[in-house]
Amino acid sequence: MGAQTTIEKLEILADAAKYDASCASSGTSKRSSLGKGGGIGSTEGMGICHAYAPDGRCISLLKVLLTNHCIFDCHYCINRKSSNVRRARFTPQEVADLTLSFYRRNYIEGLFLSSGIIKSSNHTMEQLVETARILREEHEFRGYIHLKTIPEADPQLVHLAGLYADRVSINVELPTDAGLTRLAPDKDAKQIEGAMKGVKASIRQAKDEKKRFKHAPRFAPAGQSTQMIVGADKASDADIVGKASRLYDGFGLRRVYYSAFSPIPDASAVLPLKRPPLIREHRLYQSDWLMRFYGYRASEVMQATDDDGNLPLDIDPKLAWALKFRGQFPLDVNRASKEELLRVPGLGVKAVGQILASRRHRTLRLDDVAKLTVSIAKVRPFICTADWRPLTLTDRADLRALLAPRQEQLELFAA
Amino acid sequence: MASAQPADQTHYAVKLDAPDDFAAWRDAARVLVQAGIAPDRVSWTEPGGSDDLFAEGARALPQPPANAPTPRVNKRFLSLAKNAALHSDPRRFALLYRLLWRLQQNPRMMEDKADDDVRRLTELDKSVRRDSHKMHAFVRFREVEDAAGEAHYVAWFEPDHHIVRANAGFFMRRFANMKWSILTPRGSLHWDGETMREGPPAQRGDAPEGDPVEDLWRKYYASIFNPARLKVGAMLSEMPKKYWKNLPEASLIPELVAGAQTREAQMVDAGGQNFAERPDTLAAIDKAIHSCRNCPIGEMANEAVMGEGPQDAALMIVGEQPGDQEDRLGRPFVGPAGQLLDRHMELAGIARSTAYVTNAVKHFKFAQRGKRRIHQSPTAKEIDTCRWWMESERAIVKPKLVLALGASAARAMLGKTVSITKARGEPIPLDDGSELWITAHPSYLLRLDGDARLKQEKLFDADLAAVQERLQELIP
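Please read all numbers here as calculations on a predicted model, not as lab measurements.

(A) Spotlight on the overall build of chain A. When helices and strands are counted, chain A shows 16 helices and ten strands. Over its C-alpha trace chain A gives a radius of gyration of 24 Å, about what one expects of a compact globule, namely 22 Å for 415 residues. Counting only C-alpha atoms and orienting by the principal axes, one finds that chain A spans roughly 75 × 55 × 35 Å. Here chain A holds 415 residues, and 60% of them are scored as buried. Of the contacts made within chain A by residues no fewer than 6 positions apart, 68% connect residues no fewer than 24 positions apart. Accessible area for chain A stands at about 16,900 Å²; split by element, carbon and sulfur atoms hold 52% of it. Both charge centroids of chain A, one from 61 positive and one from 48 negative side chains, sit 5 Å from each other.

Put into structure tokens, the structure is as follows:
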């Protein structure tokens, strides 16, 4: 076989990266290449999605693997040692050049670099760090860099990664230790969490130093994130939400991504044969949202699950919770607190803010609320306004059926 | 108002020099408010705007009274208004003035989100912000060589609103050390690395046609997409079709969408296995493995070999795969390796008849050499594929102890490659509460001679003895 061209390698190594859920490029420190320092690139806090793929996911970063060769043999992973996929390998210089070529044409916000493990964890981590170093030091690149770190690598190297990158991530892969042992036999839960703890400590220290010294080096200003594979083992949504909540609390994670286990070519026999419905992943993101922006505790999200510990697929978790705790409703939109209003199905953070602002000026009627919400029909059973009271609607046994989206619609998303 | 002189009813027409000239609107609006000119007496026009009959009126602004207070606005109004003024709606300046006028009476009006004017302003601001965001996202530069032989990056973009000048800063901050131009039908921007120059509206033909890097970009775009998750609606809501014509990657979308199902099916097929429920009897497994074609070994001219032994055996012995003789006879461990195993089991005091004996891989893998069939080791992938059958057997027999013979059997049990030397002689706990012991495969002993053989047989005997001892503890 002759040497592979850049485009052939890109095809293989981008394809291998498509199972990574994250492509975020937001929440980092603000940077510009204008003025002294020069170079290329900027970040303005908010990430930009430069394109959308037909799978509905955005493309904001050049997301590739340095190599898809791997000495590990994790069953859910297309790049595991025993898989028969085509293999390729970029040099750090090639990835840096590709990133700059794309960035100069405004195709991307930066780079999300991950890698199969070659030779050793340390060697691999060195190559990832070297790519970031070339971009930052040789090209004064000010765009976004996300590095996937290798938990088994020397903590010094992981630290170095954080000095170059905006975000570092360490995938926990599976919600339970048993699942990890079974599906990722070469990985170690303790090691993964140890690496997360190290990153958390570095982030905290860098923040502290920044307060005292203007020129203290920044360390992963966009924080750390992780990814969990959903549906590859028997873990229920309650297990997953519990794990996510422990990760948020324990390691100060910025985001937990969920990736519905998807059919991979050359799958391992250990994997389940059916992939989970994509809607399950969506429900988990919704529950994540409830915890991050709506003040729900993990235990409350778990209350929304069915007897099997899974969130219902036909309705969103907020509605599921409200239907279980009907006694808390209806809420008077003209009197209820912000925290209470955030529990009303159909009212988002923005709508609640607008209701609170508007009711200083007028007593809200149902029409007024309708102007501020996407669907008044969804909200109506749970609120009172000056001219509306749902009476016994929240007691109706068929309320769930009335509010759940029609089955045909569900199929569309569940496909 | 009986005694007062007739009120001034002059109509004023304000003409702005540029459609995005917020400063000029602000200057005029300030004077008009101070002079007490109600919104219905002012019309606002921009260049190219239709000066229809409503735009008739005094061109000169009124002189406000000397003691007129400065109009009050709050910060929120100002930031929204500045942005909303870039909208292409010709009525935007009138709306801004009406709001400014009303704010003088009710300074907190901006908080009333249900007010129609406030909502309209918010909508205008939102669509301008969206348009700006799409410009940040969808401008695609193409590289050309300028007169000096240096790289110059040129983009063509079609904004909906008058946002080009307002966004110059974004591109300067981002592409500071590049020379670039952004051409649009509403004006153009040129940055030479040091200064920003504005140019007249441009046409699509003024921009270059292609760039060699676009092939790489398209390859990336096609590869990063997961066909198993097709969600065209989600894509369209963020990347509406009107932008597609200027995005080099968009030409791929129809074929990617059309090919997604086939690609997903290929991925699933390449995944290989599509089992139904686990068979619940050993006989059903026996029957099923004969037609199993989940891996290439199933395609070879051979018979599947089922495990044998009592269904309630406390000990399960797992070998690698059937050999030549096992394949001919259809029974496990009947060849030379099996006979060797029998001898050592007897020595350790384990009756073979009490054990369930099976293989990690159910078919014989071989290479034909003339009339001889030479044993070939199964690949890790083949072991992993066949593992499902062995696990089905285990689920029925429920042994208390599993003895894996050799690396392939160990892999089938643990899903990972282990070193026999390191793993032997110690129990490894399994999920179901049973335990796994690992030792060498008897065929390995067969391949050794002299001292090496003696040494390995000793180790093998020690392992079997340990297993026997443990079995005595496990069986009440």
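On we go from here.
(B) Main features of the overall build of chain B. A count of helices and strands for chain B gives 16 helices and 14 strands. Judged by the C-alpha coordinates and their principal axes, chain B covers about 125 × 60 × 40 Å. Burial status across chain B gives 51% buried among its 476 residues. Considering only intrachain contacts with a sequence separation of at least 6, the fraction spanning at least 24 residues in chain B is 71%. Accessible area of chain B: about 23,000 Å², with a carbon and sulfur share of 52%. Taking the average location of the 65 positive side-chain charges in chain B and that of its 66 negative ones, the two points are 1 Å from each other.

(C) Looking closely at the sheet that holds strand β12 (residues 401–405) of chain B. All names here are of chain B. Taken together, the five strands give an open sheet; going across it, the order is β9-β8-β12-β14-β13, and neighbouring strands pair in mixed fashion. Strand pairing shows two members of the sheet lacking a second neighbour, β9 (355–359) and β13 (428–429), which therefore form its edges. Pairing analysis gives two bridges linking β13 to strand β14 (residues 435–439), with the strands arranged antiparallel. Each residue of the ladder has a partner; that of P429, found in β14, is E435.

(D) Examining the environment of G433(B) more closely. Residues and elements named next belong to chain B. With respect to the helices and strands, the residue G433 is situated in the loop between β13 and β14. Look at G433 and you get exposed, because its relative accessible area is 67%. Note: C-alpha distance between G433 and A81 (352 residues apart in sequence) is 69 Å.

(E) Highlighting the packing of aromatic side chains. This structure, assessed with the given rule, holds 26 aromatic pairs over all chains. Pairing F141(B) with F175(B) gives two aromatic rings, centres 5.4 Å apart and planes at 85°, and the pair type is edge-to-face. Of this pair, F141(B) sits in the loop between α4 (116–138) and β3 (142–145) while F175(B) sits in the loop between α5 (168–174) and β5 (180–184), and the two are 34 residues apart along the sequence. On the accessibility criterion, F175(B) (0% relative accessible area) is buried. By the ring-pair criterion, three or more aromatic residues cluster together here, those being Y103(A), F141(A), F141(B), F170(B), F171(B), F175(B) and W180(B). R343(A) extends its terminal NZ or CZ atom over the ring of Y296(A), reaching a point 3.8 Å from the ring centre. When the ring centre of W244(B) is taken as origin, the NZ or CZ atom of K241(B), which lies over that ring, is 5.6 Å away.

(F) Local environment of helix α9 (residues 282–290) of chain B. Residue and element names in this part refer to chain B. Within the span of α9, buried status applies to L282, I285 and I289. The buried residues of α9 occupy one face: seen down the axis, they fall within an arc of 55°. Turned more than 90 degrees away from the buried face of α9, the exposed residues are A283 and K287. Among the structural elements, β9 and α12 (380–397) are those in contact with the buried residues of α9.

(G) Main features of a nonpolar patch on the surface. Residue and element names in this part refer to chain A. A cluster of nonpolar residues, W289, F293 and V349, forms a patch on the protein surface that exposes about 280 Å² of accessible area. Position of F293 among the secondary structure elements: in helix α8 (residues 278–293). A residue is classified by how much of its surface remains accessible, and F293, at 39% relative accessible area, is partly exposed.

(H) Inspection of the interface of chain A and chain B at higher detail. Each partner contributes residues to the interface: chain A has 76 residues there, and chain B has 76 residues. Per-residue buried area on chain A facing chain B is highest for Y52(A), P54(A) and R105(A); these three make up 12% of the total on that side. On inspection of chain A and its partner chain B, the count reaches ten salt bridges. The partner of R229(B) in a salt bridge is E281(A), with the nearest N and O atoms 2.6 Å apart. Taken together, the links from chain A to chain B amount to 30 residue pairs in polar contact (both at pLDDT 80 or more). Every element with two or more residues in the side of chain A that touches chain B is listed here: α1 (6–15), β1 (51–52), β3 (61–65), α2 (92–104), α8, α12 (349–358) and α13 (366–372) of chain A. Taken together, the residues of the side of chain A that touches chain B break down into 35 nonpolar, 19 polar and 22 charged.

(I) Spatial organisation of the nonpolar core. Core analysis: the largest hydrophobic core is formed by 160 residues, its most contacted members being F102(A), W180(B), Y220(B) and M239(B). If we ignore the near neighbours within four places in the chain, the residues touching Y220(B) are L10(A), A14(A), I59(A), L61(A), L62(A), K63(A), V64(A) and F102(A). Formed by 34 residues, the second largest nonpolar core is a distinct cluster that contains I297(B), A304(B), V402(B) and L414(B).

(J) Representation of the sheet that holds strand β5 (residues 144–148) of chain A in the model. Residue and element names in this part refer to chain A. Strand order across the open sheet formed by six strands is β3-β4-β5-β6-β7-β8, with parallel pairing between neighbours. Looking at which strands have only one partner, the edges of the open sheet turn out to be β3 and β8 (255–260). Each strand of the sheet is rotated relative to its neighbour by a mean of 20°, with strand direction disregarded. Sheet topology places strand β6 (residues 167–169) next to strand β7 (residues 224–230); two bridges connect them, and they run parallel. Bridge assignment links V168 to a residue of β7, and that residue is Q224.

(K) How the structure looks around the pairing of strand β1 (residues 12–15) of chain B. Both β1(B) and strand β2 (residues 42–45) of chain B contribute to a ladder of four bridges, which runs parallel. Across the sheet, the residue bridging to K15(B) is T45(B), located in β2(B).

(L) The environment of R283(A), seen in detail. All names here are of chain A. Looking at the secondary structure, you find R283 in helix α8. R283 gets classed as buried once you look at its relative accessible area, which sits at 6%. Sequence separation between R283 and D316 is 33 residues; the distance between their C-alpha atoms is 6.3 Å. Within the structure, the side chain of R283 is placed 2.8 Å from the side chain of Q286, a separation counted as a polar contact.

(M) The arrangement of the state of the cysteines in detail. Under the defined criterion, the tally for this structure stands at zero disulfides over all chains. Considering cysteine sulfurs only, C77(A) is the nearest to C70(A), which forms no disulfide, with 6.4 Å between them. There is no disulfide at C295(B), and the cysteine sulfur nearest it, in C386(B), is 6.2 Å away.

(N) Quick peek at the side chain of R424(B). Residues and elements named next belong to chain B. Considering the arrangement of structural elements, one finds R424 in the loop between α14 (420–423) and β13. Within polar-contact distance, the side chain of R424 engages the side chain of D463 at 2.8 Å. When near neighbours in sequence (up to four residues on either side) are disregarded, R424 contacts I438, T439, A440, Q456, L459, F460 and D463.

Cut-off values and rules
Residues numbered from 1 in each chain as written. Chains lettered and ligands numbered in written order. Predicted model: local features only at pLDDT ≥ 70, side-chain atom pairs only at ≥ 80, totals over all residues. Heavy atoms only, no water. Helix = DSSP H or I, 4+ residues; strand = E, 2+ residues; numbered from the N terminus. Rg over C-alpha atoms; globule rule 2.2 N^0.38 Å. Buried < 20%, exposed > 50% of the residue type's maximum accessible area, 1.4 Å probe, protein only. Contact = heavy atoms within 4.5 Å. Areas by Shrake-Rupley, 256 points an atom, 1.4 Å probe, with all protein chains shown as cover. Lys, Arg positive; Asp, Glu negative; His and termini not counted. Charge placed at Lys NZ, Arg CZ, Asp CG, Glu CD. Pairing = 2+ DSSP bridges. Phe/Tyr/Trp six-rings, centres within 6.5 Å; stacked < 30°, edge-to-face > 60°. Lys NZ or Arg CZ within 6 Å of the ring centre and 35° of its normal. Arc of directions from axis to C-beta. Patch = residues over 30% accessible without salt bridge, like charges linked within 9 Å, V, L, I, M, F, W, Y side chains within 5 Å. Salt bridge = Lys/Arg side-chain N within 4 Å of Asp/Glu carboxyl O. Buried area = accessible area lost by both parts, 1.4 Å probe. Polar contact = N/O pair within 3.5 Å; in protein donor to acceptor, adjacent residues only side chain to side chain. Nonpolar A, V, L, I, M, F, W, Y, C, P; charged D, E, K, R; others polar. Core = buried A, V, L, I, M, F, W, Y, C linked by side-chain atoms within 4.5 Å. Axes fitted to C-alpha atoms, helices over the stretch in contact; angles between N-to-C directions. Disulfide = S-S within 2.5 Å.

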